[in-house]
Amino acid sequence: MLKELQFFLSAILLLACVFFYQLSLKSSCLFSCLPPQKAQQDPEALLGHGHGIVFIETSERMEPTPLVSCAVESAAKTYPEKPVVFFMKGLNTTTRLPSNSTYPAFSLLSAIDNVFLFPLDMKRLFEDTPLRSWYTHINASVESNWLHVSSDASRLAIIWKYGGIYMDTDVISIRPIPEENFLAAQSSQYSSNGVFGFLPHHPFLWECMENFVEHYNSDIWGNQGPSLMTRMLRLWCKLRDFQEVSDFRCLNLSFLHPQRFYPISYPEWRRYYEVWDKDLSFNDSYALHLWNYMNNEGRTVVRGSNTLVENLCLGGRNSWSEKCALAKRKRRNKIPHQSRWLTDIPTGSWSWPASSFFSI
């Protein structure tokens, strides 16, 4: 009896040691703390089939802002069967978080089953593309709009190499995009580059990268981004004005109506920070671009304010459509940790300055 008791106590002590050892590791590791099946993945394996969702962070920022987290999480819920990959320049294969630091949003996103965080290695990314020569000769320290320009280049190379859908970090997904090769119209006959999707090695993106280098001018904002997409689209297609909410198809790509992603145009971006209008419908939209780059007024999102952006990101006091609310409830059962770091905060006690977010 005594030997059995000693054996039992020894087993309890061993389990306790293992528990505290693993607990101590969580405060000082990054990739090694991810589930084994996630830590062993790589971008080629995840995105090689052209069915992933891609986000990019070209600053050194390690902690995703609430709006960025909202965008990534909404994509993970809208596309539960697809990998959602967030490339962050601040990450590298040897990164370790300080033991005395906290990154709640980073931990939240890492815990979502279909969200994967990878380093953004531009030198490696641009190999075997027309962007390689440009990148090796550029002096980033003297370039205008470098965060945006480098993001414009990275998204082209990633989607050309792997395929899939690229989204800006201020794009909130609300329903799946049913297209494979597409550009998103920001307005009639003008394309954005905040959302687009292609199968791997699509010639349109290769020609975009060539044009990127040939007509490079970082002093003109958007010259390597939406203006690039627009001028290339005009070479491929004879565009016409949208007459109704229907998409324009040309060769093997689609030019999607502005209602798909931009039902609120950039001059009206403040509507996202106004009290939610129950009559406002997004039945023709796949996702919403919040025009965060325009928010230089420091507009904030306050929990309990019942603004449109609060309802999109936090659920608010009301959901903006019954269908969306039902989908959220269904997904909540699949992803039980959904937005705990936001929904557990008492009403009226939390806000964030949206002007600090970069739409890149």
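Quick notes on the rules
- Residues numbered from 1 in each chain as written.
- Predicted model: local features only at pLDDT ≥ 70, side-chain atom pairs only at ≥ 80, totals over all residues.
- Heavy atoms only, no water.
- Pairing = 2+ DSSP bridges.
- Helix = DSSP H or I, 4+ residues; strand = E, 2+ residues; numbered from the N terminus.
- pLDDT = per-residue confidence, 0-100.
- Contact = heavy atoms within 4.5 Å.
- Buried < 20%, exposed > 50% of the residue type's maximum accessible area, 1.4 Å probe, protein only.
- Phe/Tyr/Trp six-rings, centres within 6.5 Å; stacked < 30°, edge-to-face > 60°.
- Expected span 1.5 Å × (residues − 1).
- Axes fitted to C-alpha atoms, helices over the stretch in contact; angles between N-to-C directions.
- Parallel < 35°, antiparallel > 145°, perpendicular 65-115°, else oblique.
- Nonpolar A, V, L, I, M, F, W, Y, C, P; charged D, E, K, R; others polar.

Caption draft 1: Local environment of the pairing of strand E6 (residues 182–187). Sheet topology places E6 next to strand E7 (residues 190–198); four bridges connect them, and they run antiparallel. Bridge pairing in E7 links alanine 185 to serine 191. Once E6 ends, the chain turns through two residues before running back antiparallel as E7, passing glutamine 189 with a positive phi of about 65°. For E6 and strand E9 (residues 253–256), the ladder comprises three bridges, and the chain directions are parallel. The residue of E9 that forms the bridge with leucine 183 is phenylalanine 255.

Caption draft 2: Layout of the confidence of the model for the protein. Counting all residues, the mean pLDDT for the protein is 78, and 72% of those residues have values of 70 or more. Least confident of the elements in the protein is helix H13 (residues 340–343), whose mean pLDDT is 31; most confident is strand E4 (residues 164–167), at 98. Scored below 50 in pLDDT, residues 20–36 makes 22 contacts in the model with residues more than four places away or belonging to other chains. Per-residue pLDDT stays below 50 along residues 334–360; that stretch engages in 78 contacts with residues further than four places along the chain or on separate chains.

Caption draft 3: Summary view of the pairing of E9. Here E9 shows no split at all, with Leu253 and Phe255 on one side and Ser254 and Leu256 on the other all buried. With three bridges connecting them, strand E8 (residues 248–250) and E9 associate as antiparallel partners. Along E9, the bridge assignment pairs arginine 249 with serine 254. Counted between consecutive antiparallel strands, the loop separating E8 from E9 contains two residues, among which leucine 251 sits at a positive phi close to 50°.

Caption draft 4: Local environment of the packing of aromatic side chains. Tallying each qualifying case throughout the model produces 19 aromatic pairs. Seen in terms of ring centroids, phenylalanine 198 and phenylalanine 204 are 5.5 Å apart; in terms of plane orientation they differ by 15°. Their pairing is stacked. According to the relative accessible area criterion, phenylalanine 198 is buried, its value standing at 1%. By relative accessible area, phenylalanine 204 is classed as buried at 0%. Members of the aromatic cluster, connected to one another through ring pairs, are Phe126, Trp134, Tyr135, Trp146, Phe212 and Tyr216.

Caption draft 5: Seen up close, helix H8 (residues 146–162). The end-to-end C-alpha separation of H8 is 24 Å, in line with the 24 Å expected for 17 residues at 1.5 Å each. A large share of H8 lies buried, amounting to 15 of its 17 residues. Taken from the residues just after H8, glycine 163 is the one with a positive phi, measuring 80°.

Caption draft 6: Seen up close, the packing of helix H4 (residues 66–78) against helix H5 (residues 104–111). At their nearest, the axes of H4 and H5 sit 11 Å apart, and the two run at 5° to each other. Considering their axes alone, H4 and H5 lie roughly parallel with respect to each other. Across the interface between the two elements, Ser69, Val72 and Glu73 of H4 pack against Ala105, Leu108 and Leu109 of H5. Classifying every residue of the contact of H4 with H5 gives four nonpolar, one polar and one charged.

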